[in-house]
Amino acid sequence: MIDILFFGRMADLMRKRRARLDLTDARGTLFRLREEIFQDLVDNGRITPGLIRMSVNQVVTHSDQPLSDGDEVAFFSVFSGG
């Protein structure tokens, strides 16, 4: 199982803040997981994949990587501040 967290706009779009998914359903990599979770929103023009930020085990990443059982994956939008 992997834990999936949603923050900011991603939580609003998903209408939840947390999910758990069997690793086989995640198709094994971060980019495939992102595609699986957000495909309907992308198809409907509600989100652009390039605007979805990701982290694995609390480390922000921009590259695809294999997922392992017990990983924590977070999806979030760009934060602004000052």
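Residues numbered from 1 in each chain as written. Predicted model: local features only at pLDDT ≥ 70, side-chain atom pairs only at ≥ 80, totals over all residues. Heavy atoms only, no water.

What to know about the overall build of the chain
Reasoning step 1: A tally of regular secondary structure across the chain gives 2 helices and 5 strands.
Reasoning step 2: Across the chain, helices and strands are ordered from the amino to the carboxyl terminus as β-α-β-α-β-β-β.
Reasoning step 3: Relative to its length of 82 residues, the chain is compact, with a C-alpha radius of gyration of 12 Å against a globular reference of 12 Å.
Reasoning step 4: If one aligns the C-alpha atoms of the chain with their principal axes, the spans along those axes are about 35 × 30 × 25 Å.
Reasoning step 5: Out of the 82 residues in the chain, the part that is buried amounts to 38%.
Reasoning step 6: Only carbon and sulfur atoms are counted for the fraction: they give 47% of the accessible area of the chain, which is about 5200 Å².
Reasoning step 7: Between the mean site of the 11 positive side-chain charges and the mean site of the 12 negative ones, the chain shows a separation of 7 Å. (Helix = DSSP H or I, 4+ residues; strand = E, 2+ residues; numbered from the N terminus. Rg over C-alpha atoms; globule rule 2.2 N^0.38 Å. Buried < 20%, exposed > 50% of the residue type's maximum accessible area, 1.4 Å probe, protein only. Areas by Shrake-Rupley, 256 points an atom, 1.4 Å probe, with all protein chains shown as cover. Lys, Arg positive; Asp, Glu negative; His and termini not counted. Charge placed at Lys NZ, Arg CZ, Asp CG, Glu CD.)

Considerations on the pattern of salt bridges
Reasoning step 1: Counted by the stated rule, this structure contains 1 salt bridge.
Reasoning step 2: Arg-20 is paired through a salt bridge with Asp-3; the nearest N and O atoms lie 3.0 Å apart. One end of the pair, Arg-20, is in strand β2 (residues 18–21); the other, Asp-3, is in strand β1 (residues 2–6), with 17 residues separating them in the sequence.
Reasoning step 3: Its relative accessible area of 21% is what places Asp-3 among the partly exposed residues. (Salt bridge = Lys/Arg side-chain N within 4 Å of Asp/Glu carboxyl O.)

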